[in-house]
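These are the residues of each chain, in order.
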Amino acid sequence: MPMEGGKTDMERIGLFSEMEYITVGDKYVSQFNRPFNEAASKNKQILPGGSKEMSNLQAGYFDPHFVRIFEGEGYVNPNQVRRRHMIEEAKKNLSKAFLPSSGEKKPCGLGSYYGTIGGPVPFFSAQSKPKEKYEPPGKNLYTNPGKKGTGYGYANITIGKQFSHSSDLYDAAKLINKKENEEHHRLLKGTAFKLNLYPREYFDANPYMSEEPLPPIKKVEKKEIVGNPFKPSSPGKKAGGMKAGTFDPYPSHSVDPYMVKLKGPSGKSAKVFHPPGGPKSRPVESIMALNIKRALNMKNYKTASVQSY
């Protein structure tokens, strides 16, 4: 709208033109309800012609016709190339092929050189080679043979000399101890050292010794230790048909009956009333079972038919 001064609102703001209102009148579509790909639901889609299997026909390939790997190369026949090579090799022969004058020779046994090209080999000859004269080495060391005997009760069978026998006194240890004791007493210069402080046990007075009576022993008061509060090892059990909520697995048995017996009247009127014996019922067979037994018995069960009874 033109304002005072002759300028419009757009000129006053500084824009070249007013923005277009493209979405005026369009329906609001939520972002969650919009299709992921709108183009996939419009126009024709990809319609493949089905899967194809590999075969010798062109229908099993993508290309409409067979394509060569190299375009414009010459055709080469491998058989023709092989023949040309054989002809060129045959031209190099100066004469005909070599043919032996006779057939091959077969060996006549092991160690025979008949039939070989080179003949016998001197290295494998069985003839002995010249050798130097054998000089035996010197003789071994000769020693006297071992002396026989086990060592117990046999004399002169050891390497060294035999031990000489020396007699021992029967009380040699006792005599030696006696001589040592006499020598010990000879070296003593006085009697044994003794203290004159008996019955005291120490050289000096015992500083910890006291002749005063000891005071009575004080009894130590023991404080009662309060233990931790009792906590059950497991939560309480709920009552059920298996007696899981009780302390005992089953209630203890009592000889007394569950109901208290009522005391009846004493005397002649205390007798129990017995009703008089009435007619007793007897087993009665049904009419249907009776007719079946009469119509079907052990004599006619083979010849009787279903319609007869």
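Structure report, in brief. Each residue is numbered by its place in its chain's sequence as written, counting from 1. Totals for whole chains, interfaces and linings use all residues, but because this is a predicted model, local features are given only for residues with pLDDT of at least 70 and pairs of side-chain atoms are given and counted only at 80 or more. Side-chain metrics in this entry use all non-hydrogen atoms of the structure; hydrogen atoms and water are not considered.

### Re the overall build of the chain
Move 1: For the chain, the helix and strand inventory stands at 4 helices and 0 strands.
Move 2: For helices the rule is a DSSP run of H or I covering at least 4 residues; for strands it is a run of E covering at least 2, with both sets numbered from the N terminus onward. Element order for the chain, N to C, with α for helix and β for strand: α-α-α-α.
Move 3: Whether two residues are in contact is decided by their heavy atoms: any pair within 4.5 Å suffices. Partitioning the contacts of the chain with sequence separation of at least 6, the portion at a separation of at least 24 is 0%.
Move 4: Where accessible areas are quoted, they stem from the Shrake-Rupley method and a 1.4 Å probe; at the residue level, only the protein chains shown are allowed to cover. Surface summary for the chain: the accessible area is close to 36,100 Å², and the carbon and sulfur share equals 59%.

### Quick word on the environment of Lys 105
Move 1: Mapped onto the fold, Lys 105 is located in the loop between helix H2 (78-91) and helix H3 (172-187).
Move 2: Each C-alpha atom, one on Lys 105 and one on Gly 115, is 4.6 Å from the other, the two residues being 10 residues apart in sequence.
Move 3: Not counting residues up to four positions away in its chain, the partners in contact with Lys 105 are Tyr 114 and Gly 115.

### Quick word on a nonpolar patch on the surface
Move 1: Where nonpolar side chains cluster on the molecular surface, the patch consists of Tyr 113, Val 121, Phe 123 and Phe 124 and spans about 460 Å² of accessible area.
Move 2: Positionally, Tyr 113 belongs in the loop between H2 and H3. Here the term patch refers to residues with relative accessible area over 30% and no salt bridge, with like charges joined within 9 Å and nonpolar side chains (Val, Leu, Ile, Met, Phe, Trp, Tyr) within 5 Å. The term salt bridge refers to a side-chain nitrogen of Lys or Arg lying within 4 Å of a carboxyl oxygen of Asp or Glu.

### Concerning the pattern of salt bridges
Move 1: In total, this model carries 2 salt bridges according to the counting rule given.
Move 2: Between Lys 92 and Glu 89 there is a salt bridge; the shortest N-O distance is 3.6 Å.
Move 3: Between Glu 183 and Arg 186 there is a salt bridge, and its shortest N-O distance comes to 2.3 Å. Pair noted here: Glu 183 and Arg 186 are both in helix H3, with a separation of 3 residues, about one helical turn.

### Thoughts on H3
Move 1: Multiplying 1.5 Å by the residue count of a helix minus one yields the expected span of that helix. The first and last C-alpha atoms of H3 sit 23 Å apart over 16 residues, in line with the 22 Å expected at 1.5 Å per residue.
Move 2: By the criterion of burial, H3 is predominantly exposed, with just 0 of the 16 residues buried. Any residue under 20% of the maximum accessible area for its type is buried, any over 50% is exposed, and the rest in between are partly exposed; the area is computed with a 1.4 Å probe on protein chains only.

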